[in-house]
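# Examination of the molecular architecture
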Amino acid sequence: MVRLFSALVPKDEVRIEISDDAGCELVPVAQGHTHTNAACLVIPEASADRALIGVPLIQLAYVRSGDKGDQANIGVMARDPRFLPWIARTLSHEEVARRFDHFLAGADVQRFYLPGIHALNFVLDSVLAGGGTASLRNDPQAKAYGQILLDATIEIPVSLVESVSNA
């Protein structure tokens, strides 16, 4: 059986060199976390004085999903930056875990904020029954996970509805 076995190597043990005709140059490897904390994103609070309307995620964002080994990821990129706080308000890591519970079997979901492209990235651990070549599932890949998530209803202010049709 062909099967992927991933291994993590501490960054301080990685040596990266770039070589060309002029010689060889050592490239420093950044230490610490390189992802942006989702706490930087301001999530709107529910308010009685703000009229909200439910809109399908497909009208507010683009999605892409894929897999590596037994992990899947789902990228959700807002069609308009004003939509992202409302998307993030609904798509907590708990809500995404609930939507994929039938695949997760109690595994973890992580959410990362990608500010430069107004996006969220979700990483679902142990969700592919071993991964493409190791799973006995009929289709053990994550290519359709984004499509599943597009069915989510996101509540946005009525004042943004006109922007939805223009996005």
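These lines cover the structure that appears in this document, whether it is placed above or below. Being a predicted model, the structure only gives us computed values, none of them experimental. (Residues numbered from 1 in each chain as written. Predicted model: local features only at pLDDT ≥ 70, side-chain atom pairs only at ≥ 80, totals over all residues. Heavy atoms only, no water.)

### Brief notes about the overall build of the protein
From N to C terminus, the protein includes 5 helices and 8 strands. Reading the protein from its N terminus to its C terminus gives the helix and strand order β-β-β-β-β-α-α-α-β-β-α-β-α. Per-residue burial for the protein yields a buried fraction of 32% across its 167 residues. Working note: accessible area of the protein is about 10,600 Å², and carbon and sulfur atoms make up 53% of it. (Helix = DSSP H or I, 4+ residues; strand = E, 2+ residues; numbered from the N terminus. Buried < 20%, exposed > 50% of the residue type's maximum accessible area, 1.4 Å probe, protein only. Areas by Shrake-Rupley, 256 points an atom, 1.4 Å probe, with all protein chains shown as cover.)

### Quick word on the sheet that holds strand β4 (residues 61-68)
Taking strand neighbours across the sheet as the criterion, the 4 strands line up as β4-β5-β7-β6 in an open arrangement whose pairing is antiparallel. Among the strands making up the open sheet, the edge pair consists of β4 and β6 (109-114). Ignoring which end each strand starts from, the neighbouring axes of this sheet average 15° apart. Two strands pair when backbone bridges link them, and strand β5 (residues 71-78) and strand β7 (residues 119-124) are joined in this way by 6 bridges, in the antiparallel orientation. By the bridge assignment, Ala72 is partnered in β7 with Leu124. (Pairing = 2+ DSSP bridges. Axes fitted to C-alpha atoms, helices over the stretch in contact; angles between N-to-C directions.)

### Considering the environment of Asp70
Topologically, Asp70 is positioned in the loop between β4 and β5. Taking relative accessible area as the criterion, Asp70 reaches 26% and is therefore assigned partly exposed. Along the primary structure Asp70 and Val127 are separated by 57 residues, whereas in three dimensions their C-alpha atoms are 6.0 Å apart.

### Some remarks on the pairing of strand β2 (residues 23-27)
Sheet analysis places strand β1 (residues 16-20) next to β2, joined by 5 bridges and oriented antiparallel. Residue pairing across strands places Asp20 opposite Gly23, the latter belonging to β2. Adjacent in sequence and paired antiparallel, β1 and β2 are bridged by 2 residues.

### With respect to the nonpolar core
Ranked by internal contacts, the top residues of the largest apolar core, which has 32 residues, are Leu57, Val76, Ile87, Leu91, Phe122, Leu124 and Ile154. Of all elements in the fold, only β4, β5, α1 (84-90), β6, β7, α4 (145-149) and β8 (153-157) reach the threshold of two or more residues within this core. (Core = buried A, V, L, I, M, F, W, Y, C linked by side-chain atoms within 4.5 Å.)

### A closer look at the side chain of Ser65
In this structure, Ser65 sits in strand β4. For Ser65, a relative accessible area of 19% gives the class buried. From its side chain, Ser65 meets the backbone nitrogen of Gly146 in a polar contact 3.1 Å long. (Polar contact = N/O pair within 3.5 Å; in protein donor to acceptor, adjacent residues only side chain to side chain.)

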